[in-house]
Amino acid sequence: RKEVEQDPGPFNVPEGATVAFNCTYSNSASQSFFWYRQDCRKEPKLLMSVYSSGNEDGRFTAQLNRASQYISLLIRDSKLSDSATYLCVVNKGRDNYGQNFVFGPGTRLSVLP
Amino acid sequence: DAGVTQSPTHLIKTRGQQVTLRCSPKSGHDTVSWYQQALGQGPQFIFQYYEEEERQRGNFPDRFSGHQFPNYSSELNVNALLLGDSALYLCASSLGLAGNEQFFGPGTRLTVL
């Protein structure tokens, strides 16, 4: 089993749709969690950190369920510019010992006009 | 505010050769991580440097080695190149060893013939 698994995708949705991405991780000691987006042939860019209480940034909402080892990302009112690959990232390192970021394989999103 | 920079942008090598990739972290960051990203996959963690020491390492052979300089910049060295080493090599910087966000450079695309 992979350490971080994501919906296989691709997701093709019309503009304005709501889309949800799911991610599970295997290391229960993981301490921090993130969503990154990566455009074709570009570097990953931080979308948002994920907290147990859930957090929202405009049209994006991230949730973390530590008991189920599950992370989600919800995009509302999707735009053409949201088309990208979304990467779930889990840090299994421990504070003061260093970070060990484990990336999921990514889920590709295409928002269609 | 200078972001993460990497050089060179592209590199072509032949099997058995050695390569050195370079990275300068984002201003104010002191920690550098290196990743290998094969086509269609998420980045794979190679190692992380802090205070000029390797603090965390992923599942990569000893052919992959690195260094961090007093100005926080870093090098990734790969010896005895294999065809399978062809990938995008990404450098990411962050602050300290806690689970803070990492910011990525544009990457170096290595092709091994």
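Right above here is the structure, for reference.
So, how was this worked out
Residues numbered from 1 in each chain as written. Chains lettered and ligands numbered in written order. Predicted model: local features only at pLDDT ≥ 70, side-chain atom pairs only at ≥ 80, totals over all residues. Heavy atoms only, no water. Pairing = 2+ DSSP bridges. Helix = DSSP H or I, 4+ residues; strand = E, 2+ residues; numbered from the N terminus. Axes fitted to C-alpha atoms, helices over the stretch in contact; angles between N-to-C directions. Disulfide = S-S within 2.5 Å. Buried < 20%, exposed > 50% of the residue type's maximum accessible area, 1.4 Å probe, protein only. Contact = heavy atoms within 4.5 Å. Buried area = accessible area lost by both parts, 1.4 Å probe. Salt bridge = Lys/Arg side-chain N within 4 Å of Asp/Glu carboxyl O. Polar contact = N/O pair within 3.5 Å; in protein donor to acceptor, adjacent residues only side chain to side chain. Nonpolar A, V, L, I, M, F, W, Y, C, P; charged D, E, K, R; others polar. Phe/Tyr/Trp six-rings, centres within 6.5 Å; stacked < 30°, edge-to-face > 60°. Lys NZ or Arg CZ within 6 Å of the ring centre and 35° of its normal.

(A) Molecular detail of the sheet that holds strand β7 (residues 60-65) of chain A. All names here are of chain A. Reading across from one edge, β1-β3-β8-β7-β6 is the order of the 5 strands in this open sheet, with antiparallel pairing throughout. Where the open sheet ends on each side, the last strands, each with one partner, are β1 (4-6) and β6 (55-57). Taking each pair of neighbouring strands and ignoring which way they run, the sheet shows an average axis angle of 15°. Strand direction decides the pairing type here: β1 and strand β3 (residues 19-25), joined by 3 bridges, are antiparallel. Each bridged residue has a counterpart across the sheet, and for glutamine 6 the counterpart in β3 is cysteine 23.

(B) Here's a closer look at the state of the cysteines. Residue and element names in this part refer to chain A. Applying the stated criterion to the full structure yields 2 disulfides over all chains. Here cysteine 23 is linked by a disulfide to cysteine 88, with a sulfur-sulfur distance of 2.0 Å. One quick way to see it: the torsion about the S-S bond of cysteine 23 and cysteine 88 is about -75°, and its sign makes the bridge left-handed. Residue cysteine 23 is found in strand β3, and its partner cysteine 88 is found in strand β9 (residues 84-91); the two are separated by 65 residues along the sequence. Residue cysteine 23 is classed as buried on the basis of its relative accessible area of 1%.

(C) Molecular detail of the interface of chain A and chain B. Listed as interface residues are 22 residues of chain A and, on the opposing side, 24 residues of chain B. Across the chain A/chain B interface, buried area totals approximately 1900 Å², and carbon plus sulfur atoms make up 48% of it. Broken down residue by residue, the surface that chain A buries against chain B is led by A:Glu43, A:Gln99 and A:Phe103, which jointly contribute 31%. Summed over the shared surface of chain A and chain B, the result is 0 salt bridges. Remark: the boundary between chain A and chain B carries 7 residue pairs in polar contact (both at pLDDT 80 or more). Sorting the residues of the side of chain A that touches chain B by element identifies β4 (32-38), β5 (45-50), β9 and β10 (101-103) of chain A as the ones contributing at least two each. It is β4(A) that contributes the most residues to the side of chain A that touches chain B, 4 residues altogether. Of the residues in the side of chain A that touches chain B, the class split is 9 nonpolar, 9 polar and 4 charged.

(D) A look at the packing of aromatic side chains. Summed over all chains, the structure comprises 13 aromatic pairs over all chains. Judged by centre distance (5.3 Å) and plane angle (40°), the rings of A:Phe11 and A:Phe21 are tilted. Residue A:Phe11 is located in strand β2 (residues 11-14), and its partner A:Phe21 is located in strand β3; the two are separated by 10 residues in the primary sequence. Classification of A:Phe11 as partly exposed rests on a relative accessible area of 22%. For A:Phe21, a relative accessible area of 0% puts it in the buried group. Within the aromatic cluster, the residues linked to one another by ring pairs are A:Phe34, A:Tyr36, A:Phe101, A:Phe103, B:Tyr35, B:Phe45 and B:Phe104. Note that B:Lys26 overlies the ring of B:Phe103, its terminal NZ or CZ placed 5.4 Å from the centroid.

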